[in-house]
Structures are given as structure tokens and as C-alpha cells.
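# Geometric and topological summary
What follows is each chain in one-letter form.
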Amino acid sequence: GVSLGILFLVCVGWSFVGYRAGISRLQRQQGDALLEALNKKIEHFKEIGASITQLRSSEMPTTADYIRVYAQVEGPLAIWKQDVAEVKRMLAGVETITHGRLSEIFEFDRKAFTVADERCQLLEAEIEVVKQMSALPKAQQPNFWVNHFKPLVDQEALLDQKAHEIQESFKSQSTKK
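Residues numbered from 1 in each chain as written. Predicted model: local features only at pLDDT ≥ 70, side-chain atom pairs only at ≥ 80, totals over all residues. Heavy atoms only, no water.

Looking now at the pattern of salt bridges. Pairing of side chains with opposite charge becomes possible as their charged atoms draw close. Summed over the entire model, instances satisfying the criterion amount to 13 salt bridges. Close ionic contact of Lys81 with Glu124 constitutes a salt bridge, the shortest N to O distance being 3.0 Å. Here Lys81, found in helix H3 (residues 63-97), pairs with Glu124, found in helix H4 (residues 107-134); they are 43 residues apart in sequence, far enough to count as distant. Among the residues examined, Lys81 registers a relative accessible area of 32% and is labelled partly exposed. Here Asp117 and Lys88 are joined by a salt bridge, their closest N and O atoms 3.1 Å apart. (Salt bridge = Lys/Arg side-chain N within 4 Å of Asp/Glu carboxyl O. Helix = DSSP H or I, 4+ residues; strand = E, 2+ residues; numbered from the N terminus. Buried < 20%, exposed > 50% of the residue type's maximum accessible area, 1.4 Å probe, protein only.)

As a further point, take the packing of H3 against H4. At a minimum axis separation of 8 Å, H3 and H4 run at an interaxial angle of 155°. Viewed along their axes, H3 and H4 adopt a mutual orientation that is roughly antiparallel. Regarding H3 and H4, the two cross each other, and that crossing is left-handed. Grouping the amino acids of the contact of H3 with H4 by side-chain chemistry returns 16 nonpolar, two polar and eleven charged. (Axes fitted to C-alpha atoms, helices over the stretch in contact; angles between N-to-C directions. Parallel < 35°, antiparallel > 145°, perpendicular 65-115°, else oblique. Left-handed = near helix turned anticlockwise from the far one by under 90°. Nonpolar A, V, L, I, M, F, W, Y, C, P; charged D, E, K, R; others polar.)

On to the environment of Arg56, then. Within the secondary structure, Arg56 is located in helix H2 (residues 25-56). Remark: the alpha-carbon pair of Arg56 and Val73, spanning 17 residues in sequence, is separated by 7.7 Å. In contact with Arg56, other than residues within four places in its own chain, are Val69, Tyr70, Val73, Leu123, Glu126 and Glu156. Among the polar contacts made by the side chain of Arg56, one reaches the side chain of Glu126 at a distance of 3.3 Å. (Contact = heavy atoms within 4.5 Å. Polar contact = N/O pair within 3.5 Å; in protein donor to acceptor, adjacent residues only side chain to side chain.)

This part takes up the packing of aromatic side chains. How two aromatic rings sit relative to each other is given by the distance of their centres and the angle of their planes. One pass over the full model with this rule turns up seven aromatic pairs. The interplanar angle of 15° and the centroid separation of 6.3 Å between the aromatic rings of Tyr66 and Tyr70 together place this pair among those described as stacked. Taken together, the positions of Tyr66 and Tyr70, both in helix H3 and four residues apart, correspond to about one turn of that helix. Overall, Tyr66 belongs to the buried group, its relative accessible area being 16%. Pairing Trp145 with Phe149 gives two aromatic rings, centres 5.7 Å apart and planes at 25°, and the pair type is stacked. Of this pair, Trp145 and Phe149 both sit in helix H5 (residues 141-176), separated by four residues, roughly a single helical turn. On the basis of relative accessibility, which here comes to 18%, the residue Trp145 falls in the buried class. On the basis of relative accessible area, Phe149 is assigned to the buried category, the value being 2%. By the ring-pair criterion, three or more aromatic residues cluster together here, those being Tyr66, Tyr70, Trp145 and Phe149. (Phe/Tyr/Trp six-rings, centres within 6.5 Å; stacked < 30°, edge-to-face > 60°.)

Locating Lys41 in the fold gives a position in helix H2. Accessibility expressed as a relative area gives 17% for Lys41, which makes it buried. There is a polar contact of 3.1 Å between the side chain of Lys41 and the side chain of Glu86. Not counting chain neighbours up to four residues away, the residues in contact with Lys41 comprise Asp83, Glu86, Val87 and Met90.

Counting 39 residues, the largest nonpolar core has Tyr70, Leu77, Trp80 and Phe113 as the members making the most contacts within it. Contributing elements (two or more residues each) for this core: H2, H3, H4 and H5. Here the element with the most residues in this core is H3; it accounts for twelve residues. Every residue in contact with Tyr70, bar those within four places of it in the chain, is listed here: Arg56, Met60, Glu126, Ile127, Val130 and Phe149. (Core = buried A, V, L, I, M, F, W, Y, C linked by side-chain atoms within 4.5 Å.)

Here it is as C-alpha cells:
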């Protein structure tokens, strides 16, 4: 699928370049401090996202493998979800500092982090399904996986498509400028 971490970093990176235009010195100072904190948070977001991706790309031929891997994903996902919320809050802070004059610049960031939020919710649902599956007798687990986990994988494919469309839209907009 689309690497959401890369999508977010590309979008936010381009936004940082454009944010300074048309704001006062005090706003720039406040914005610069917030953007520095935002950069650090995004780096952390990227690291946690990479660790989740690495775990989830493990070989999982059996339901026992899914149970093992998703038990390991739960902790990093909670941190990642916090990072998403903090980044969204920081982006709103930049908009407040600039009195909304930069809404267009951060449009792609908001969209990208909305998808990240949806991804968090979906991963939480996957973890819950895997926990339920782990409580079942081994003989029932494969059918449970097909009926309950597989539909979530299909939803994930739709999120990947959405992220790809955001990325393509951002590329298209940034080449026009």
C-alpha cells in the first residue's frame, strides 16, 4: 500500500515552505516554534508508523501468527494514535496563529492526517478482532478470520486508495505552483 508516513512528510514539508508568506513577525516566531515541535512530532510519528508497518509486514501464515503480531502492534498503535491527534492539534494551532490565512497550504496535511486517524481506528478494530479470534478454539479461528478480519483488510485497501489519491492530488497541486 501507500506509505502514509511518506505521504504525510511530503505534504507537511511543502506546507512549511509556504506557511511563512503573509504573516507578521510575532506570528512567524510563534509559528516557527510550533512548526519545530510539529517537525519533531512528525519524526516520531514516522518512526512509530515504520515499526507498526514492519510488524504487520511479518510473515503471518497462521492465525496464531496474526495473534502474536497484533499483540505486538497494540502498544505502538496507541502511541501512533496520540501522535496523530497531537499533529492535528498542532496544525490547528498554526492555523489559529495565522488567523486561517494558510488554510489552503495545510489542506493536504489535514486530509492526510484524517486518513491516519481512520487508519488508527481500523487497526484498533483489527486488534479487537484478533483478540476475539484468540479466545476461540484453534479449529474455529480460520473461519473467524475470513468472516471478521478479511473485511477489515478490504477496508484497509480503500484507505490505501484514499491516501494514494491525496498524494497524487498533492503532487499535482505542487507541480502547478
